[in-house]
Amino acid sequence: QRVAIARALVNDPVIILADEPTGNLDTSSGEEIMQLLMELHEKGSTIVMVTHEDEIAAYSQRVIRFLDGRIETDVLNGEGSNAEHRNQGIEHRKQEKEQRKQGNLGDIQSREDVLQADGGAS
C-alpha cells in the first residue's frame, strides 16, 4: 500500500483515487495511511476514496453510499451527529494506537461497541 501511494504521489497529483487504501493493513498501518491522506487533503489534494469500513469513511468530508448500483445516501460529514461520529471514530483509533504502543488493549472498547453506543450512526 505504501509503495503504491508513494508511486502515485511522485507527480504531485491534484486528485488521488484511493481504492480500499487501508484494506489488508493492520490498524496501526491503516492509521498511518489515513493520516497521510488527511495531510495531502489539507495541502490541497482531492481524495476520492472507496471503502467498506465506516471508521475509514468517517475521515472524509462527504460519504456517498451505494446500494445495488444506485446512490443510497449522500451525507456531508461535519454536520450534526455525523461530525460527532467522525470525531469519535478518529479518537477511538488514536486510543487504540496508543494502547497498542503500550501493549494493552484491555481498556479500549471495540469499534462495534463505539458505533452501537453512538446509535449506529455511520
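The structure this text deals with has already been given above.
Here, residues in each chain are numbered from 1, in the same order as that chain's written sequence. It should be noted that, the model being predicted, local features are given only for residues of pLDDT at least 70 and side-chain atom pairs only at 80 or more, the latter also being counted only at that level, while totals for whole chains, interfaces and linings use all residues. Water and hydrogen atoms play no part in the side-chain values, which are based on all heavy atoms of the structure.

Let's talk about the packing of helix 1 (residues 2–9) against helix 2 (residues 27–42)
When two helices pack together, you describe them by how their axes are tilted relative to each other and by the distance separating the axes. The line we're drawing: Inter-axis angles, ranging from 0 to 180 degrees, are taken between N-to-C directions of lines fitted to C-alpha atoms, where helices are fitted over the stretch in contact. Strands here mean DSSP runs of E at least two residues long; helices mean DSSP runs of H or I at least four residues long; both are numbered from the N terminus. Every angle not falling under 35 degrees, over 145, or within 65 to 115 is termed oblique; those three ranges are roughly parallel, roughly antiparallel and roughly perpendicular. By definition, turning the near helix anticlockwise from the far helix through less than a right angle yields a left-handed crossing, and turning it clockwise yields a right-handed one. Contact criterion: two residues are considered in contact whenever any of their non-hydrogen atoms come within 4.5 Å of each other.
Orientation of helix 1 relative to helix 2, taken along the N-to-C sense of each, is 15°, at an axis distance of 11 Å. Classified by the angle between their axes, helix 1 and helix 2 sit roughly parallel to one another. By crossing handedness, the relation of helix 1 to helix 2 is classed as left-handed. Taken together, the residues of helix 2 that come into contact with helix 1 (itself represented by Arg2, Ile5 and Leu9) are Ser29, Glu32, Ile33, Leu36 and Leu40.

A short note on the pattern of salt bridges
Stated precisely, the cut-off is as follows: Put simply, a salt bridge is a Lys or Arg side-chain nitrogen that is within 4 Å of an Asp or Glu carboxyl oxygen. For each residue, the accessible area found with a 1.4 Å probe, counting protein chains only, is set against the maximum for its type, and the residue is called buried under 20%, exposed over 50%, and partly exposed in between.
Per the stated rule, a full pass over the model turns up two salt bridges. Close ionic contact of arginine 65 with aspartate 54 constitutes a salt bridge, the shortest N to O distance being 3.2 Å. You can see arginine 65 sitting in strand 3 (residues 62–67) and its partner aspartate 54 sitting in helix 3 (residues 54–57), a full 11 residues away along the chain. Overall, arginine 65 belongs to the partly exposed group, its relative accessible area being 23%. Residue aspartate 54 is classed as partly exposed on the basis of its relative accessible area of 24%. Notably, a salt bridge pairs arginine 62 with aspartate 74, separated by 2.5 Å at the nearest N-O pair. Of this pair, arginine 62 sits in strand 3 while aspartate 74 sits in strand 4 (residues 70–76), and the two are 12 residues apart along the sequence. Classification of arginine 62 as partly exposed rests on a relative accessible area of 47%.

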